[in-house]
Structures are given as C-alpha cells and as structure tokens.
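As a plain string of letters, each chain reads:
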Amino acid sequence: MWNPADYLAFGDQRGRPFYDLVARVAAAHPRSVVDLGCGPGTLTATLSHRWPGARITGIDSSAEMVAAAKARGVDVREGDLRTWEPAADTDVVISNAALQWVPDHADLLRAWASALPSHAWIAVQVPGNFAAPSHVLTRELAADPIWRDRIGPLRDEDAVLTPAEYADLFTGCEVDAWETTYLHCLDGEDPVLEWITGTALRPVRAALDDAEWEQFRATLAPLLRAEYPPRPDGTTWFPFRRVFVVARTP
C-alpha cells in the first residue's frame, strides 16, 4: 500500500501539502493521472508508486521546469493550464500549488469536472496565505512609486477561494474540502524571504533586472525579519495556510 510517510522525510515542509492532498484521493486503478503545474516533477515522480498501473503525465507552462521533470524521468509536456482538456481516460487530475496563478480558475475546475469520465477525481491545493504579513508586505512594497510601474499589481486575497466556495463549484460531485495552516520551522538567514522567493516573489523577479531584484530583496528583508523574528534557537516560525478540495465525479 502506498504510504506518504515513505516519501515524506521529517522536515520536508514543502512536500507535505502534496502528500496530504493525494492521500485523500481514493482512486484504486486509474488509467491516466495528470499533474497540472507539475514544476520540476519531484513530487509527480512519486505518483507512479501511488498508482503503479496508471499512465502518469505532467503538464507545466515553463520550458525550464519541463526540462527538469524530463531529466527526472517524468513523462511531461509543456502546456497552458487554461487550454488543457482531459482525455477520455483521465481518471485523476491533480494540481498542487499552481492554480493560484491562473485568474478565473474556478471556471476551469467546473469545465474539467464536466469533461471527466464518471467516478474520476480532481484534487487541488492552493496557497491560502495571501493575507499573511509576508504577502501583504510584498504587495505594499511593490506598490511603492519606486516599483509599481515595473512590477504592476500582485495577486491578493481574491486569487483563491475559500474551501466552501471551492466545494460549491462541483455540483453533483462527492466533495471533500478543507484548509490547513502548516507551522513551518525555518532556519538560515532571512528564511521567510528565501521561502517566498520561489512563491510570492516569482512575478517580482520576472519583472526586474538583477540589480533591481537585489535592491527589492534588500528592502523587503528587514520588514520580514520584524514581522517574523527568529526564536532564541535561531529558527523562525512561519504559518502557511493552504486550501484543499478533492471531488469525485458522479
């Protein structure tokens, strides 16, 4: 039997929401499993252990991520989640921390559920921490006249829905929706800044050149340190809310 603990080492904080999500999918023998927004394929690769008889496919819009996933042996192709459509044999769709970047993704979820075969599964996890100090401070800094014309508006609390709002999208389906706030224990210098560099700061990095990026980080770092001070042992607590929904089609 597949056991998330076999893949989740103690302290593997970024992977835990993925395994908590997949653990709620009760598909026994799916024909095809698709991971939308698979990134470098690190987590996608574990799905072949969860469903050894299924065809596992990853989709990502980044050519760099697709290349990294292929290097790990993942069957992956470059594609836009906004135009992706499930094949007739797609029995499981997983999207872990990707749809928050897609405006109006609620419409996509409705469309996918309608297009999937009977008794198929959709499992989605999105960050729900857009109102957290880490993201509020980033938006406030990006809105400063120094940066706003270069960066533009960043995603806010409207980027994702509540668990109940996600559940309401799947009319006629069996639905399991919930939220969890993970309390991550971070270490190192400016650990919160380093954490959000790969998440909330992605559009900032894409908009700025190298010198501007370093200036933005240098300005943001003390603001984050004040909001997330280190503990006496040097580690830092970082609460991170996640929103989950798992639906099974009728």
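Structure: see above.
Described below are features of the structure shown in this document. (Residues numbered from 1 in each chain as written. Predicted model: local features only at pLDDT ≥ 70, side-chain atom pairs only at ≥ 80, totals over all residues. Heavy atoms only, no water.)

### Looking at the packing of aromatic side chains
Item 1. Under the definition given, this model contains eight aromatic pairs.
Item 2. Geometrically, the ring pair formed by Trp195 and Phe240 is tilted, given 6.1 Å between the ring centres and 55 degrees between the ring planes. Placement of the pair is Trp195 in helix H8 (residues 191-197) and Phe240 in strand S7 (residues 236-248), with a sequence separation of 45 residues.
Item 3. By relative accessible area, Trp195 is classed as buried at 5%.
Item 4. When the ring of Tyr228 is compared with that of Phe238, the centres are 5.4 Å apart and the planes differ by 75 degrees; the resulting orientation is edge-to-face. One end of the pair, Tyr228, is in the loop between helix H10 (210-227) and S7; the other, Phe238, is in strand S7, and 10 residues separate them in sequence. Comparing Tyr228 with Phe238 shows no difference in burial state: the two are buried.
Item 5. A connected cluster of aromatic rings, assembled from ring pairs, spans Trp195, Tyr228, Phe238 and Phe240. (Phe/Tyr/Trp six-rings, centres within 6.5 Å; stacked < 30°, edge-to-face > 60°. Helix = DSSP H or I, 4+ residues; strand = E, 2+ residues; numbered from the N terminus. Buried < 20%, exposed > 50% of the residue type's maximum accessible area, 1.4 Å probe, protein only.)

### Remarks on unusual backbone geometry
Item 1. Residues other than glycine seldom take positive phi values, yet Ala97 does so here, at roughly 55 degrees.
Item 2. Position of Ala97 among the secondary structure elements: in the loop between strand S4 (90-96) and helix H4 (105-115).
Item 3. Residue Ala97 is classed as partly exposed on the basis of its relative accessible area of 26%.
Item 4. Despite not being glycine, Asp190 shows a phi value in the positive range, around 50 degrees.

### Thoughts on the layout of surface pockets
Item 1. Volume-wise, the largest pocket comes out at about 1,100 Å³.
Item 2. Every residue lining the largest pocket is counted, 39 residues in all, and those nearest its centre are Gly37, Gly39, Asn96, Ala97 and Arg202.
Item 3. Every element with two or more residues in the lining of the largest pocket is listed here: helix H1 (16-22), helix H3 (63-71), strand S5 (121-127) and S7.
Item 4. A per-element tally of the lining of the largest pocket places H1 first, with three residues.
Item 5. Tallied by class, the residues present in the lining of the largest pocket amount to 15 nonpolar, 15 polar and nine charged. (1 Å grid on protein atoms, 1.4 Å probe; cavity = no way out; pocket = protein on both sides within 12 Å on 5 of 7 lines; lining within 4 Å. Points joined across faces, edges and corners; volume = space filled by probe spheres on them. Nonpolar A, V, L, I, M, F, W, Y, C, P; charged D, E, K, R; others polar.)

### Regarding the nonpolar core
Item 1. Of all hydrophobic cores here, the largest spans 29 residues; its most connected members are Leu36, Leu99, Leu109, Trp112, Ile122, Tyr166 and Phe170.
Item 2. Taken together, the elements giving at least two residues each to this core come down to strand S1 (32-36), H4, S5, helix H7 (163-169) and S7.
Item 3. With 24 residues, the next largest nonpolar core counts Leu154, Trp195, Tyr228 and Phe240 among its residues. (Core = buried A, V, L, I, M, F, W, Y, C linked by side-chain atoms within 4.5 Å.)

### Quick notes on the side chain of Arg242
Item 1. Within the element layout of this structure, Arg242 appears in strand S7.
Item 2. In this structure Arg242 is buried but unpaired, with Asp20 as the nearest side chain of opposite charge at 9.0 Å.
Item 3. Here the side chain of Arg242 touches Gln125 through a polar contact of 3.2 Å, side chain to side chain. (Lys, Arg positive; Asp, Glu negative; His and termini not counted. Salt bridge = Lys/Arg side-chain N within 4 Å of Asp/Glu carboxyl O. Polar contact = N/O pair within 3.5 Å; in protein donor to acceptor, adjacent residues only side chain to side chain.)

### Description of H10
Item 1. Taking 1.5 Å of rise per residue, 18 residues should cover 26 Å, and H10 covers 26 Å from first to last C-alpha, within 8% of that figure.
Item 2. The inward-facing, buried residues of H10 abut helix H5 (133-142), helix H6 (148-151), H8 and helix H9 (202-207).
Item 3. Sitting at the amino-terminal end of H10 is Asp209, which places a side-chain oxygen 3.2 Å from the backbone nitrogen of Ala211. (Expected span 1.5 Å × (residues − 1). Contact = heavy atoms within 4.5 Å.)

Purely geometric stuff here, so don't read any function into it on its own.
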